[in-house]
Amino acid sequence: RPQPSHPLSALGAMAGYDPEREPAQLLQGIKPSDQATWFSGGTAHILPAERAQASFDVEKMITCVDGGKKNTMKRRFIVDSTEDFTGPVVDARKYDLDRDGMEGSIAEALDHFIKIHRPHVERGYVPEEHEMLFMNLGGMMGGYPGYGLFCSTLLGQCDPEQIMWWLPKAIMCQITGCYAQTELGHGSNVRGLETTATYDKETQTFILETPTLTSMKYWPSSMVSATHAVVYAQLIIEGKEYGVHVFMVQLRDEAFRPMPGVEVGDLGSKVGEQCIDIGYLRMKQVRVPRNCMLAKRQRVSKDGKYKKLNEGAKEGGDKMAYLTMMGARVTLMGSAASCLAKASTVAVRYAAVRKQGFKDTTPGISHRSEEFSILDYKMTQYRLLKQLSFAFASRFTYNWLTERMNALKGGLGGTELLGDASDLPEMHASSAGLKGLCCERASLGIEDCRKACGGAGYLLTSGVAALEADFKWRATAEGDTVVMLLQTARYLIKSAAAARKGEELSGLTSCLAPLKDPNFNAFATKPATPASVEGWWDLEYLLKLLEFRTIVSVAQADKALAKQLAAGQSFDQAWQDLTLTNRKLGECHVIYFMMNKFKAMVDDVQDAACKAALQKVAALFALSEIEDGSQWVGLLTFEEMEAASAATSSLCGALRPDAVALVDSWDIPDRVLNSTIGRYDGNVYEAQYSASVHSPLNKKTIPVWLERIKHFLDLDFLAQRNGEDGAANWVAPAGAKL
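Numbers given to residues run from 1 along each chain, matching the order in which its sequence is written. A pLDDT threshold of at least 70 governs which residues receive local features in this predicted model, and a stricter bar of 80 or more applies before side-chain atom pairs are shown or counted, although totals over entire chains, interfaces and linings include all residues. Side-chain descriptors were evaluated using all non-hydrogen atoms of the structure, hydrogens and water having been removed beforehand.

Another aspect to go through is the overall build of the protein chain. Where helices and strands are cited, they refer to DSSP runs of H or I of at least four residues and of E of at least two residues respectively, numbered from the N terminus. The helix and strand tally for the protein chain stands at 22 helices and 15 strands. Just to be clear, the radius of gyration here is over C-alpha atoms, and the globule rule we use is 2.2 Å times residues to the power 0.38. Taking 738 residues into account, the globule formula puts the C-alpha radius of gyration at 27 Å, and the protein chain, at 29 Å, falls close to it. For the protein chain, the spread of C-alpha atoms along the principal axes amounts to about 95 × 75 × 65 Å. Only protein chains enter the calculation, and the probe is 1.4 Å; a residue is then buried if its accessible area is under 20% of its type maximum, exposed if over 50%, and partly exposed in between. Looking at the protein chain as a whole, 50% of its 738 residues qualify as buried. Here the open area of atoms and residues is found with the Shrake-Rupley method and a 1.4 Å probe, where only the protein chains shown may cover a residue. Carbon and sulfur atoms form 55% of the exposed surface of the protein chain, whose accessible area is close to 34900 Å².

Below, the discussion takes up the pattern of salt bridges. Here, a salt bridge means any Lys or Arg side-chain nitrogen found within 4 Å of an Asp or Glu carboxyl oxygen. A full pass over the atoms with the stated rule returns 37 salt bridges. Of the charged contacts, one joins Asp423 and Arg404 as a salt bridge, the two residues approaching to 3.0 Å between their closest N and O atoms. Linking Asp423 in the loop between α10 (378-409) and α11 (424-452) with Arg404 in helix α10, this pair joins segments that are 19 residues apart in sequence. We note a salt bridge from Arg441 to Glu625, for which the minimum N-O separation is 3.3 Å. A residue pair is termed long-range when its members are at least 10 positions apart, and Arg441 in helix α11 and Glu625 in helix α17 (residues 608-628) qualify at 184 residues. A relative accessible area of 22% means that Arg441 is categorised as partly exposed. Since its relative accessible area comes to 4%, Glu625 is described here as buried.

What follows is about the packing of α10 against α11. Packed helices, taken two at a time, are described by the angle between their axes plus the distance between the axes. A fitted line through C-alpha atoms represents every axis, and for helices the fit uses only the stretch in contact; the resulting angles, taken between N-to-C directions, go from 0 to 180 degrees. Here α10 crosses α11 at 155°, and the two axes come no closer than 10 Å. Relative to α11, the element α10 lies roughly antiparallel. Pair α10 / α11 crosses with left-handed handedness. Facing Arg383, Leu384, Gln387, Phe390, Ser394, Thr397, Trp400, Leu401, Arg404, Met405 and Leu408 of α10, the residues of α11 in contact are Leu424, Met427, Leu434, Leu437, Cys438, Arg441, Gly445, Asp448, Cys449, Lys451 and Ala452. Charged residues are taken to be Asp, Glu, Lys and Arg, nonpolar residues to be Ala, Val, Leu, Ile, Met, Phe, Trp, Tyr, Cys and Pro, and polar residues to be all remaining types, Gly included. Here the contact of α10 with α11 is built from residues that sort into 13 nonpolar, 4 polar and 5 charged. Throughout this description, any angle smaller than 35 degrees is read as roughly parallel, any larger than 145 degrees as roughly antiparallel, any in the 65 to 115 degree range as roughly perpendicular, and the remainder as oblique. Left-handed describes a crossing whose near helix is turned anticlockwise from the far helix through less than a right angle; right-handed describes the clockwise counterpart. Contact criterion: two residues are considered in contact whenever any of their non-hydrogen atoms come within 4.5 Å of each other.

The next point concerns the sheet that holds strand β10 (residues 278-283). Note: two strands are recorded as paired if DSSP finds a minimum of 2 bridges between them. Spatial strand order, β6-β10-β9: 3 strands in an open sheet with antiparallel pairing. Both outer strands of the open sheet, β6 (217-221) and β9 (262-266), are each paired with one neighbouring strand and no more. Taking each pair of neighbouring strands and ignoring which way they run, the sheet shows an average axis angle of 30°. Here β6 runs beside β10; their pairing, made up of 3 bridges, is antiparallel. Residue pairing across strands places Ser221 opposite Ile278, the latter belonging to β10.

Another point: helix α4 (residues 69-79). Among all positions of α4, only Asn71, Thr72, Arg75, Arg76, Ile78 and Val79 are buried. Down the axis of α4, the sector holding all buried residues measures 160°, keeping them to one side. For α4, the exposed residues lying more than 90 degrees away from the buried face are Lys69, Lys70 and Met73. Against α3 (58-66), α6 (131-138) and α20 (670-673) lie the buried residues of α4. What the arc describes is the spread of directions from the helix axis to the C-beta atoms.

What follows concerns the environment of Leu154. Looking at the element boundaries, Leu154 is found in helix α7 (residues 146-157). Placed 12 residues apart in sequence, Leu154 and Trp166 show a C-alpha to C-alpha distance of 7.7 Å. In contact with Leu154, other than residues within four places in its own chain, are Ile163, Trp166, Leu167, Ala170, Val230, Met248 and Leu294.

To continue, consider the state of the cysteines. For this text, the term disulfide refers to a pair of cysteine sulfurs within 2.5 Å. All told, the structure shown has 0 disulfides when counted by the stated rule. Free of any disulfide, Cys64 has its nearest cysteine sulfur in Cys610, 4.3 Å distant. Exposure remark for Cys64: the relative accessible area of 16% places this residue in the buried category. Cys178 takes part in no disulfide bond, and the closest cysteine sulfur to it belongs to Cys151, at a distance of 12 Å. Assessed through its relative accessible area of 0%, Cys178 is described here as buried.

With that settled, the discussion passes to helix α8 (residues 160-171). Its 12 residues place the ends of α8 16 Å apart at the C-alpha level, agreeing with the 16 Å of an ideal helix rising 1.5 Å per residue. Those residues of α8 lying buried are Gln162, Ile163, Trp166, Leu167 and Ala170. Viewed end-on, α8 has its buried residues packed into an arc of 110°, placing them on one side of the element. Away from the buried face of α8 by more than 90 degrees, exposed residues Glu161 and Met164 are located. Tucked inside the fold, the buried residues of α8 contact α7 and β8 (240-250). Once α8 ends, the next one or two residues include Cys173, with phi positive near 60°. What a helix should span is 1.5 Å times the count of its residues minus one.

Now the structure itself:
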């Protein structure tokens, strides 16, 4: 299903152009073709030729990526909701928007979000978990990120009566909201939050305050545009602290003025996603009614008595809380997959079109001689296909996790665990590392895709430059990469201790069961080395190799910890001393987890051609971990590392004919990519020129800002121009040395 590229004349008219700078005049006659001329870059034939050599049917591969035809239909329904949108959001003008004002990027993003979502929620549509990824794949601006966390907090923390008060209005965008947890002085240490909510029995209200400078809420998305906030604060009743609770607080009135005692503002310009308002909140003696404390699990009576609810359901509640936290992490992991896929799409298409370097390097050949596509260079293939393989691995792991999570809770809206949940602890621990590693690798990978595009990637209109800046906050949101990987590592060490006691292990940690034997040699689990280069492409071997690395890493880390403890250190001291190694331990397990799920999903693919291509992609994912990963010292010999490198190079060559078709398999429309160099049709030079002539800086023939330097310039010299009276009559200033 080819996605039509926007015609080059589609950029909306912008007032204020001088007649000779009018884009329509400058673009007159520009038309893509197979030959380079004054009017054409001559690249119209390249991507169709690339697609013709694919080894599989792209439409069938699309359904594999989506997880079935039903999901493809859902995704296209969601993504196509923006198909008829016009204005700066769909073209290069987006990159020149100011943040402020009725026509600014924040206003565009909010308006864009509500126009898309409101018609669907009005008819009762509620997205399932995996459909959040579809929205990310179709998103053209940052939108209204407070929506998801605000609504999900109301759904998860309110009692039924409170849900009826607030949730319908929140879902319908009749009120707007934000999630106010993080403070200027506190982030991941939620127990240390300083915001207070003190109960006043006389008025039956909670008094919310941010008593110190560091206690102000800082970093919440959508805070400036929010009419309400779910505020996390320390509950205090008659001087006794009851820990952090959540309160519904109105921030703005019907005229959008801040409520009494509320100070709210924007943090200022960020590295990326300028279309999103991220704010701060200070509160002084802000009173809210008693029923504004979210009361699904606890209540405060009129006379100030605090009561926990449903205490008998703690174990099931804890497991459901696992799934809730996993949902947020897996959603971020899915956004990493989709954003890295967008960057890979732009970079692979541009690399296929862009020519660099003569095929015949004989001295004296014509400058018109045939050149290589930069995608023909082995290093470019590895750089880009490695990122693409990580995007595929992340997406297939995401597909597996969302299927498993939905099965455990019985689908959308499920509140009780169904079936065997024995693998839930390992999934929960792995989801921490998955979120951390996938977001970090995606952030770095998007940047490498940008650099692989050369100078073109530096322009915001490339799409990939803006994407890199917009994505990177996800590497630290909901937990920094190191913190997340250490959470996974801590679970692995706990599992090693359980293995030594002979206890049952969860999920993939069952590979640690042999640690029960005190004489177990982890190095003996190494799989036999392949006899050929193609043998290194075998997914079963590569999975066993990654499992071997995990077993050895856990065994060695467990020994190191035991040694520290035996020397008299506390667990916390020993853990701190070993975090450099344990971070890598968490990373080893996450890659093993991803490869396990990727392989399992590929094994289930029915179409033979798609399966063969995906097997190569999965093999490259694993081989790139050998090529660039850590913790291989002592596990692979020098000769084995050389063989792995040769297999990687050979595999890149085998995937080269499928490169463009593989990025097409993500089915990302041009309007979403919003890239001059990543267009489906490959007409990159016409698009770059069109975007340039539409730039606001090109409205005037004589840029206004040149007046600032006019007094520095030798205007008499400039008056000589390029004619006969020019350089030939130039007189050197007195004392000048040539």
